[in-house]
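# Tertiary structure, described
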Amino acid sequence: MKNGLYSIIVFMCFSALSFAQEAVDKVAPPDGNALVGDYYGEEVSSTFSNTAITVAELEKDLKTTNKIEKVAVRGEVTDVCPKRGCWISIRTEDGASFFVKMKDYAFFVPTALKGKNVVLEGDAERKVTSVEELKHYAKDAKKSKAEIEAIKASKYEIRFLANGIKVVD
């Protein structure tokens, strides 16, 4: 009888262990207040910070070429991915915005970056963004189902792949 009881207890322990799930941390943007001087990714050198071009200059330069490598751009953050902090939007001169992704998803930014002025260091290009990709980003930004379904056409826009982002004011 004792052996039977011990066998049942051992069986229950192994069953519980085999069906136990590993705790998965919910992925969220990193904590932080995005204070002046903070940087994310590679540190943006002071030389790049001092010679950063405006968004208007970037837009003008991208009218004559489709891609500019190793450029520093200064602008205001209008939106941050609320899911992971894996992308941001920068205000353009016409009040719209352009999209910034982090190179190789090597770093993320806190949502506190929204409304701050930053210097981006990386590569800029003018490209067509597919409907599927636009819907994916709208979903990440927690847009309504109606807003997501309203996306019917691809969009020609500026894209920036950032190596580093520094808060400047």
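Refer to the structure printed above.
Keep in mind it's a predicted model, so treat the numbers as computed, not measured. Here the residue numbering is sequential within each chain, running from 1 through the sequence in written order. The predicted origin of the model limits local features to residues at a pLDDT of at least 70 and limits the giving and counting of side-chain atom pairs to 80 or more, whereas totals for whole chains, interfaces and linings rest on all residues. The basis for every side-chain value is the complete set of heavy atoms in the structure, and neither hydrogens nor water enter the calculation.

The next thing to look at is the packing of aromatic side chains. Two aromatic rings are characterised by how far apart their centres lie and by the angle between their planes. Classification of ring pairs rests on two measures: the distance between centres of Phe, Tyr or Trp rings, Trp counted by its six-membered ring, which must be within 6.5 Å, and the angle between planes, read as stacked under 30 degrees, edge-to-face over 60 and tilted in between. What the rule picks out here adds up to 4 aromatic pairs. Each ring, one from Trp87 and one from Phe99, has its centre 5.4 Å from the other, and the planes form 35°; the classification is tilted. You can see Trp87 sitting in strand E4 (residues 87–91) and its partner Phe99 sitting in strand E5 (residues 97–102), a full 12 residues away along the chain. Residues Phe98 and Phe160 carry aromatic rings whose centres are separated by 6.5 Å and whose planes lie at 45° to one another, so their mutual orientation is tilted. Here Phe160 lies in strand E7 (residues 155–167) and Phe98 lies in strand E5, a separation of 62 residues in the sequence. In this pair, the class of Phe98 matches that of Phe160, namely buried. Three or more aromatic residues joined by ring pairs make a cluster, and in this case those are Trp87, Phe99 and Tyr137. Each helix is a run of DSSP H or I of at least 4 residues and each strand a run of E of at least 2, with the numbering of both proceeding from the N terminus. The buried label applies to any residue whose accessible area, calculated with a 1.4 Å probe on protein chains only, is under 20% of its type's maximum; exposed applies above 50%, and partly exposed to all values in between.

Let us now look at the layout of surface pockets. Within this scheme a cavity is a closed region of a 1 Å grid, computed over the protein atoms alone, that accommodates a 1.4 Å probe without allowing it to escape, whereas a pocket is open but has protein on both sides within 12 Å along at least five of seven lines; lining residues each have an atom within 4 Å of a point. Grid points are joined across faces, edges and corners, and a volume is the space filled by probe spheres set on the points. There is about 440 Å³ of room inside the largest pocket. For the largest pocket, the lining is made up of 17 residues, of which Ser89, Tyr137, Ala138, Lys143 and Lys155 are closest to its centre. Within the residue set of the lining of the largest pocket, elements represented by two or more residues are strand E3 (67–80), E4, E5, helix H4 (131–140) and E7. Under the scheme applied, nonpolar residues are Ala, Val, Leu, Ile, Met, Phe, Trp, Tyr, Cys and Pro; charged residues are Asp, Glu, Lys and Arg; polar residues are all the others, including Gly. Of the residues that constitute the lining of the largest pocket, the class distribution is 8 nonpolar, 3 polar and 6 charged. If you add up the space inside the second largest pocket, you get close to 180 Å³.

Moving on, we get to the pattern of salt bridges. Put simply, a salt bridge is a Lys or Arg side-chain nitrogen that is within 4 Å of an Asp or Glu carboxyl oxygen. Applying the stated criterion across every chain, the model contains 7 salt bridges. With its nearest N and O atoms 2.7 Å apart, the salt bridge here joins Asp169 to Arg74. Note that Asp169 is positioned in the segment after E7 and Arg74 in strand E3, a separation of 95 residues in sequence. Accessibility expressed as a relative area gives 42% for Asp169, which makes it partly exposed. In this structure Arg74 comes out as partly exposed when scored by relative accessible area, which is 36%. Between Lys83 and Asp140 there is a salt bridge, with its nearest N and O atoms 3.7 Å apart.

This paragraph deals with the side chain of Lys166. Within the secondary structure, Lys166 is located in strand E7. In this tally Asp and Glu are treated as negative and Lys and Arg as positive; neither His nor the chain ends contributes. There is no salt bridge for the buried Lys166, and the closest opposite charge comes from Glu43, which lies 5.5 Å off by N-O distance. Setting aside its immediate chain neighbours within four residues, Lys166 contacts Gly37, Asp38, Tyr39, Val44, Ser49, Asn117, Val118 and Val119. The contact rule is simple, with two residues in contact once any of their heavy atoms fall within 4.5 Å.

This part covers the nonpolar core. Take the buried residues of types Ala, Val, Leu, Ile, Met, Phe, Trp, Tyr and Cys, join any two whose side-chain atoms come within 4.5 Å, and each joined set is a nonpolar core. Of all hydrophobic cores here, the largest spans 27 residues; its most connected members are Ile88, Leu113 and Ile165. For this core, the secondary structure elements donating two or more residues are helix H3 (55–61), E3, E4, E5, strand E6 (117–129) and E7. Beyond its immediate sequence surroundings of up to four residues, Ile88 is in contact with Val77, Asp79, Val80, Phe98, Phe99, Val100, Met102, Val109, Leu113, Leu120 and Ile165. If you look at the next biggest cluster of nonpolar residues, it comprises 6 residues, including Cys86, Trp87, Phe99 and Tyr137.

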